[in-house]
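One letter stands for each residue in the lines below.
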Amino acid sequence: MSEKESIGVVGAGWVGLVTAACFAELGRPVVVREIIAEKVDTLRRGEVPIHEPGLPELIEKNRERLTFTTEMGELLDAARLIFVCVQTPPTYSGDADLSAVQRAVEEIGDPEGKALVMKSTVPVGTGRIIHRDAPGLAYVSCPEFLREGTAVKDFMEPDRVVVGADPGDEWAADEVAAVYEPVGAPIVRTDLSSAEMIKLASNAYLATKISFINEIANVCDEVGADVTEVARGMGMDPRIGGSFLNAGLGFGGSCFPKDTQALKMLAGNIGYHFQLLSSVIEVNELQKRRVMSKLSKHLDSLVGKRVALLGLAFKPDTDDMREASSLVLAHRLEGEGATVVAFDPVATERARDLLPSVEMAGSALDALDGADAAVLVTEWPEFAELDWAEVAKRMGNPLLVDGRNFLDPDAVRAAGITYEAIGRPSLPDRSAVG
Ligand code: UGA
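Summary of the structure given here.

Calculation notes
Residues numbered from 1 in each chain as written. Predicted model: local features only at pLDDT ≥ 70, side-chain atom pairs only at ≥ 80, totals over all residues. Heavy atoms only, no water. Phe/Tyr/Trp six-rings, centres within 6.5 Å; stacked < 30°, edge-to-face > 60°. Helix = DSSP H or I, 4+ residues; strand = E, 2+ residues; numbered from the N terminus. Buried < 20%, exposed > 50% of the residue type's maximum accessible area, 1.4 Å probe, protein only. Lys NZ or Arg CZ within 6 Å of the ring centre and 35° of its normal. Contact = heavy atoms within 4.5 Å.

Section: the packing of aromatic side chains
Then step 1. For the coordinates displayed, the defined rule picks out 8 aromatic pairs.
Then step 2. Taking 5.6 Å as the distance between ring centres and 35° as the angle between the ring planes, the aromatic pair formed by Phe155 and Tyr180 counts as tilted. Separated by 25 residues along the polypeptide, Phe155 in helix 7 (residues 151-156) and Tyr180 in helix 8 (residues 170-180) bring together distant segments of the chain.
Then step 3. We classify Phe155 as buried; its relative accessible area is 4%.
Then step 4. Note on Phe343 and Phe383: the rings are 6.3 Å apart at their centroids and 70° apart in plane angle, and the pair reads as edge-to-face. Highlighted residues: Phe343 in strand 10 (residues 339-343) and Phe383 in helix 17 (residues 381-384), separated in sequence by 40 residues. When sorted by exposure, Phe343 lands in the same class as Phe383, which is buried.
Then step 5. Ring-pair connections join several aromatic residues into one group, and the members of that group are Phe23, Phe83, Phe155 and Tyr180.
Then step 6. Above the plane of the ring of Phe145 lies Arg160, whose end atom (NZ or CZ) is 3.7 Å from the centre.
Then step 7. One residue, Lys199, lies across the ring of Phe145, its end atom 5.8 Å from the ring centre.

Quick word on the side chain of Arg33
Then step 1. Counting through the fold element by element, Arg33 comes out in strand 2 (residues 30-33).
Then step 2. Setting aside its immediate chain neighbours within four residues, Arg33 contacts Val9, Val10, Gly11, Ala12, Thr69, Thr70, Glu71, Met72, Leu75 and Glu107.

In structure tokens:
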């Protein structure tokens, strides 16, 4: 593939846009085909429809290399490598909904000398089925490992790039590997199904780590240990590693809940009961409810109480509300008779439709005004900078549950606020030390 040859990207969602902008930054012309005409218009005007740090700048900088179109023909005329970046949301059964993938595949057809490169997360076996139906088109699995909020950096500095293809399609795998060459990461060359499984297994393993530390936190709560200390001590063992050991409300977002469920279903559909993953999912669902028991330690009833949620997005640096813990929490609190008021630095607009009965405040302090309790749901850095003396003054009853073990307990308590966290002693007896 020549340096100047165009790359095709199908789908201008979060993955597609990041992929397209980063390939353009690496010097490639990119044709992005998006089915929604308004989105194409928005992008042609230079506006970026999602919140992802660094992405608007990258798109602006590489405007000349980026073409946005609704026409698949325009993409097929220009590119030999066609990166498919469409959504694969869960169905009611928990299986992945592949209708957007199928639609893209049908529109691409079976052109000779081109390759479909699957970025979307699909069940293992999907590639071989698509390839069987379109044998002229080479097929490569190149799963994405981007995290929302740090996607541009993750693309440019990946830990690895996985490139999977079956015999006969090596030329296409070579070309995909060549396109990624400038990022300088190890390339994992493997077969199609193994590449698909690497993605699902990676997300399932990370989700397992989170549910594991959350269960340790719940036991810590009972025995008076501090899970943040436990995680610190565990993480220094390189066989364990320190990342993804933050206990809290559990995982959300568009990936872990969907992918753990999809892998569980994939196993189930072939008659294998993936017991560990079933528990990971169940622990995660129950974890969001831990906050309720923390509140009821201090409040007899939530009826008529005003509860402030600090943060709504499923994690910081994104406005993504998919499977956000705040959704479950707000409904539980309202179900117990509380009035819920919330603030998020960027997700408030998206959250409005999803939580119509929740009062959206213009700032964290406004949300805390007169509140009987507050719950930190998303660890936005600005929440760590709050003036706790002012918070204590504003709240009707100074009680704060830190759902992400994010705040400095001593600073919060020094302001006279009752501080509760997940798996950390509520009132550590420092005098017992030494
Ligand atoms: C995740 C993976 O990290 C990416 O590698 C993958 O590409 C992506 O899914 C995907 O499949 O597309 P993402 O969902 O953006 O990325 O977010 P993460 O940063 O992984 O966090 C996921 C959830 O786990 C968040 O709700 C976060 O709050 C929670 N989490 C994370 C914890 O509760 N504890 C931790 O220690 C880490």
